[in-house]
Amino acid sequence: MPESNPPQSSDFIREIIKQDLIEGKNNGKVMTRFPPEPNGYLHIGHAKSICLNFGIARDYNGLCNLRFDDTNPEKEDVEYVDSIMEDVKWLGFDWENRLYFASDYFEQLYQYAVELIKLGKAYVCDLTPDEIRDTRGTLTEPGKESPYRSRTLEENLNLFQRMRQGEFPDGSKSLRAKINMSSPNLNMRDPVLYRIRRVEHHRTGNKWCIYPMYDYAHPLSDAIEGITHSICTLEFENHRPLYDWFLNTLKTNSCPRQIEFARLNLTYTVLSKRRLIELVQSNFVDGWDDPRMPTLAGLRRRGYTPLAIRNFCAAIGVAKSDSIVEIENLEHYLREDLNNKALRVMAVLKPLKVILDNYPEDKTEELDAENNPEDFSAGTRKIPFSRVLYIEQEDFREAPPKGFFRLSPGKEVRLKHAYYIKCEKVIKDEKTGEIRELRCTYDPNSRGGWTQDGRKVMGTLHWVSVPHAGEAEVRLYDRLFLKPDPNDVTEGQDYKTNLNPNSVKILTGCKIEPGLMDAKPGTPYQFLRQGYFCLDYRCSTPEKLVFNQTINLKDTWGKIEKFQKNGRKDQK
RNA sequence: UGAGGCGUAGCCAAGCGGUAAGGCAGCGGCCUUUGGAGCCGCCAUUCCCAGGUUCGAAUCCUGGCGCCUCAGCCA
C-alpha cells in the first residue's frame, strides 16, 4: 500500500529553501514552526499549514517546532491548546521535545522592548485606541505623529516599566514602535507593541498586565527559536516589512525569513475561526467535533483518516494565488485511502424483508466472505444465511426504470457471497399499499453467488439474515452548506442562511451482520455498496451502536437515474 | 487617487527563452460476485488583454484590465 499516491511535487517555498541551502544560508539548517493561536480548534486549513511546515522539515533534514502564539489571553484557553496538540499528533506529526509558547518568551520580549526604547525606536503613547485610529491616516493619506512620540528615553523607560507594574489602567497607554507615520504601508505607522490588559493568562496567570502584539512577538519568537523559514498566510504579506524591521533594528542573532502562501478555501465549507466558533456556540452544530465540521476533530469523528488528509494537502499544492479547492478533491483522497483499508461488511439501512419460500425453515448456513478485496491479508469471515433476510428497500422496485438491474417482480439477482434469488411475489399492506415483504425463491446451485450455466445476473445485493441480525443507528451526513460559496448570500443575510437543514439524517433500526456488533471505534468499515462508516466514539454504546457515515461510495446509478429524471446528462 | 500581492482548462497546479506536467471533476469505453474499486481513451494550437524584443515568449520588456490584502491596543 503506497504511503502517498500523489507525488509530492515541489512548490515555490521548497524552491526558496533549496536555493537557500545551495547558498549556504543558515549554516545549512532548516527550521520551521507551526504557530497556532489557542483560540479555537484546528481545521482542514490548518492541516495544509501543518503538512507544509512539518513536511518541509522532514524533506530537508530540518526540524519543526510547535509553538503556541498565545499573546492575547482574552480569547485563548487551555482547552484549545490540548485539542491542538491532539490534532497535530493525530495528523501524524511530531514536535518531539520542541513544544513552545510565545508566553514563555514574555520576559525576553519585554527586554527587547526596553532595548528598542533605548535605541530610540519605541515610545510610550498616551493616545486612546480611538485617537490612534484617528491619527493613523488612511490608505491614501499619511498619519499624524503622536504628541507623545518625542518623549525622552528616560521617560519612556520609566513609563514602560510602570506599565508593567500595573500603575496605569487598561488601555490608557501603549508602547509603540517609532517608525514612520507617513509610510504607505499602514503597518509601519508606529504600530502598537504592547497593550495594558488586566486579564488572566492561561499559562502566566496574573504575572503580566501588559501583553505583546502579534507583529512584535512573532518575529522575535521566531528568532529566539532559530527559525529559518517562517511560513504564514497571504494576509501577512503586508506585515513582512515590519517583521523584518524588528529583526534588523534589534540585530537578533538569527534572521528568519517570512514566506507567505495562500490559505486553503474549500467549497461548501466555512473555515474562518469566527464562523466556526459561531456555529459551535450558537448550536448550529453539536460541538467542535460534530462530524459535519471541517475541524480536524470533526473529520476524525466522521471517519476521515490522517493519510487521506495528508495526501489531499500534497495534491492541492502550495502557491500564492487565492484559490478555492473543490471539496471533491478531499473526498477523492478519503475514498482512496478507505478503499485500501476498510473492512467490508453488510448492513441494511432501510430493511425490506425477503422470505425464501424454497429454503428450509430452520436451516442456517455459514458462508465465506472476503473482508477486503483490495487486501487479501485482511482474510475472510463467516456470515450466517437463512430463510428470512433483509435487503435494502431501495434495491427493490415493483416497476423498475430502464437500466435498473436490481430486484423486481420475476427478476433474478445475486445476493453477495450467497445465492441467486428470484422475486416471485410482492406482499403489500392491504390498507396502505405499502410493501411488507417479498416472497422469493433461491437457486440451490448458485451457492457462493455463481452458477456453471453461464447465466448472466447483473445485480448484486447486500443482505442480512433476520434471525442473526444486529441493530444499529446510522447517521448519514450531507454537506453543511447548500452553496459552493457559503458566503454567497443576498444583501442583509449571512452565511448561516446557507446552512443545509438536512445535513444529518438519523436512521434507526438498521440491520447489521452479526460480526459488526463487535465493531471497534477507529476502524473504518465499508458497508457494501453504500459507503464508508465508523463507530461514533462519542455516542455509541455496546447496548446501542451508532455509526457515522464517513463518505458514500461513488454512485453512478444514482447519477444516471437523476439524469433520467432531470433530462440530459451534459446539463448541470 | 496609496502600498503589497495574484491572474495557465470547470477547480487546484507544474512550467524559470526551445514549442503547455500532474491531480480533481467531466465525458466515452473495458472489466466487475460491491452500479464500488481497477483499467484504457478524450478533455488548453494556447497561458487576463494589447503591443514590443527574439530564429523562437506562458516565460523577457512596455502599457492596460481584473481580482485579493491592508486604516484592531486580534492573530
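In this text, all values refer to a predicted model and were calculated from it rather than measured experimentally.

Visitor: Break down the overall build of chain A for me, with residues and values.
Guide: If you tally the helices and strands in chain A, you get 13 helices and 25 strands. Its C-alpha atoms give chain A a radius of gyration of 31 Å, clearly above 25 Å, the size a compact globule of 572 residues would have. In terms of its C-alpha atoms, chain A occupies a principal-axis envelope of roughly 100 × 55 × 50 Å. Counting the 572 residues in chain A, one finds 52% classified as buried. For chain A, long-range pairs separated by at least 24 residues make up 72% of all intrachain contacts whose partners lie at least 6 apart in sequence.

Visitor: For the packing of aromatic side chains, give the residues involved together with the corresponding values.
Guide: Counted under the stated rule, the structure contains 24 aromatic pairs. Aromatic pair F68 and F101: ring centres 5.1 Å apart, planes at 20°, arrangement stacked. Placement of the pair is F68 in strand 2 (residues 63–68) and F101 in strand 3 (residues 99–101), with a sequence separation of 33 residues. For the pair formed by F68 and F101, the shared burial category is buried. Put simply, the rings of F106, Y110, F160, Y194, W208, Y211, Y216, W245 and F246 pair up and form one aromatic cluster. Between R164 and the ring centre of Y110, over which it is positioned, the NZ or CZ distance is 4.4 Å. Taking NZ or CZ as reference, R300 lies 5.2 Å from the ring centre of W90, over its face.

Visitor: Give me the pattern of salt bridges: which residues, what numbers.
Guide: The full count for this structure, using the stated rule, is 58 salt bridges. Here R164 makes a salt bridge to E107, at a shortest N to O gap of 2.6 Å. One end of the pair, R164, is in helix 6 (residues 153–165); the other, E107, is in helix 4 (residues 106–118), and 57 residues separate them in sequence. A salt bridge links R479 to E331; its shortest N-O distance comes to 3.0 Å. Of the two residues, R479 is situated in the loop between strand 21 (470–477) and strand 22 (504–512) and E331 in helix 12 (residues 327–341); the sequence distance between them amounts to 148 residues. What emerges from the salt-bridge pattern is a single network uniting D357, E361, R387, E437 and R439.

Visitor: Report on the packing of helix 4 against helix 6, specifying residues and quantitative values.
Guide: Remark: helix 4 packs on helix 6, axes separated minimally by 9 Å, with the N-to-C direction vectors making an angle of 160°. The angle between helix 4 and helix 6 places the two elements in the roughly antiparallel class. For the element pair helix 4 and helix 6, the recorded crossing hand is right-handed. Residues E107, Y110, A113, V114, I117 and K118 of helix 4 pack against L153, N156, L157, F160, Q161 and R164 of helix 6. For the contact of helix 4 with helix 6, the residue count by class is 7 nonpolar, 2 polar and 3 charged.

Visitor: Report on the sheet that holds strand 4 (residues 122–125), specifying residues and quantitative values.
Guide: Read across the open sheet, the 4 strands follow the order 4-5-6-7; overall the sheet is antiparallel. Every interior strand has two partners, whereas the edge strands, strand 4 and strand 7 (210–212), have only one. On average, each strand axis in the sheet is inclined to that of its neighbour by 20°, with strand direction left out of account. Relative to strand 7, strand 6 (residues 192–196) is paired through 3 bridges, and the arrangement is antiparallel. Counterpart to Y194 in the pairing with strand 7 is P212.

Visitor: Can you break down the protein's contact with RNA strand B residue by residue, with the values?
Guide: Near RNA strand B, the surroundings consist of 66 residues, among which L127, Y333, R344, G448 and Q526 are the closest. A distance of 2.8 Å separates a base nitrogen of RNA strand B from a polar side-chain atom of E326. Broken down by secondary-structure element, the contributors of at least two residues to the surface near RNA strand B are helix 5 (129–135), strand 6, helix 12 and helix 13 (556–566). Broken down by class, the residue content of the surface near RNA strand B amounts to 24 nonpolar, 20 polar and 22 charged.

Visitor: So what's going on with the sheet that holds strand 11 (residues 347–348)? Which residues, and what values?
Guide: To summarise the sheet geometry, strands pair through backbone hydrogen bonds and adopt either a parallel or an antiparallel arrangement. The 7 strands lie next to each other as 10-23-24-25-21-22-11, forming an open sheet whose pairing is mixed. Two strands lie at the open edges of the sheet, namely strand 10 (343–345) and strand 11, each paired on one side alone. Relative to strand 25 (residues 545–552), strand 21 runs parallel, the two being bridged by 4 bridges. The residue bridging R475 from the neighbouring strand is N548, located in strand 25.

Visitor: How would you summarise the pairing of strand 22 if you had to cite specific residues and measurements?
Guide: The side chains of a regular strand alternate, residue by residue, between the two faces of the sheet. Sheet topology note: the strand 11/strand 22 ladder contains 2 bridges and is antiparallel. Counted as the bridge partner of V348 is K511 from strand 22. Note: strand 21 against strand 22, 7 bridges, orientation antiparallel. Residue pairing across strands places Y477 opposite V504, the latter belonging to strand 22.

Visitor: Describe helix 12, with residues and values.
Guide: Since the α-helix advances by 3.6 residues per turn, residues separated by three or four positions end up pointing in the same direction. A rise of 1.5 Å per residue sets the reference length of helix 12, with its 15 residues, at 21 Å; its end C-alpha atoms lie 21 Å apart and thus fit the reference within 8%. Buried within helix 12 we find I327, L330, E331, Y333, L334, R335, D337, L338 and N340. Against the buried residues of helix 12 lie helix 2 (44–59), helix 11 (306–316), strand 10, strand 24 (531–535) and strand 25.

Visitor: Tell me about the environment of E131, and please be specific about residues and values.
Guide: Mapped onto the secondary structure, E131 falls in helix 5. C-alpha separation for the pair E131 and F101, spaced 30 residues apart in sequence, amounts to 32 Å.

Visitor: Mind laying out the nonpolar core, listing which residues take part and the relevant values?
Guide: Counting 39 residues, the largest nonpolar core has I44, V88, I309 and F312 as the members making the most contacts within it. Looking at this core, the elements with two or more residues in it are helix 2, strand 2, helix 3 (78–91), helix 10 (296–302), helix 11 and helix 12. At 6 residues, helix 2 tops the list of elements feeding residues into this core. What I309 contacts, discounting residues up to four positions off in sequence, is I44, A47, W90, L91, L296, L299 and Y304. Residues A217, Y243, W245 and L247 belong to the second largest nonpolar core, which totals 34 residues.

Cut-off values and rules
Residues numbered from 1 in each chain as written. Chains lettered and ligands numbered in written order. Predicted model: local features only at pLDDT ≥ 70, side-chain atom pairs only at ≥ 80, totals over all residues. Heavy atoms only, no water. Helix = DSSP H or I, 4+ residues; strand = E, 2+ residues; numbered from the N terminus. Rg over C-alpha atoms; globule rule 2.2 N^0.38 Å. Buried < 20%, exposed > 50% of the residue type's maximum accessible area, 1.4 Å probe, protein only. Contact = heavy atoms within 4.5 Å. Phe/Tyr/Trp six-rings, centres within 6.5 Å; stacked < 30°, edge-to-face > 60°. Lys NZ or Arg CZ within 6 Å of the ring centre and 35° of its normal. Salt bridge = Lys/Arg side-chain N within 4 Å of Asp/Glu carboxyl O. Axes fitted to C-alpha atoms, helices over the stretch in contact; angles between N-to-C directions. Parallel < 35°, antiparallel > 145°, perpendicular 65-115°, else oblique. Left-handed = near helix turned anticlockwise from the far one by under 90°. Nonpolar A, V, L, I, M, F, W, Y, C, P; charged D, E, K, R; others polar. Pairing = 2+ DSSP bridges. Near = heavy atom within 4 Å. Polar contact = N/O pair within 3.5 Å; in protein donor to acceptor, adjacent residues only side chain to side chain. Expected span 1.5 Å × (residues − 1). Core = buried A, V, L, I, M, F, W, Y, C linked by side-chain atoms within 4.5 Å.

So yeah, pure geometry; function would need other evidence.
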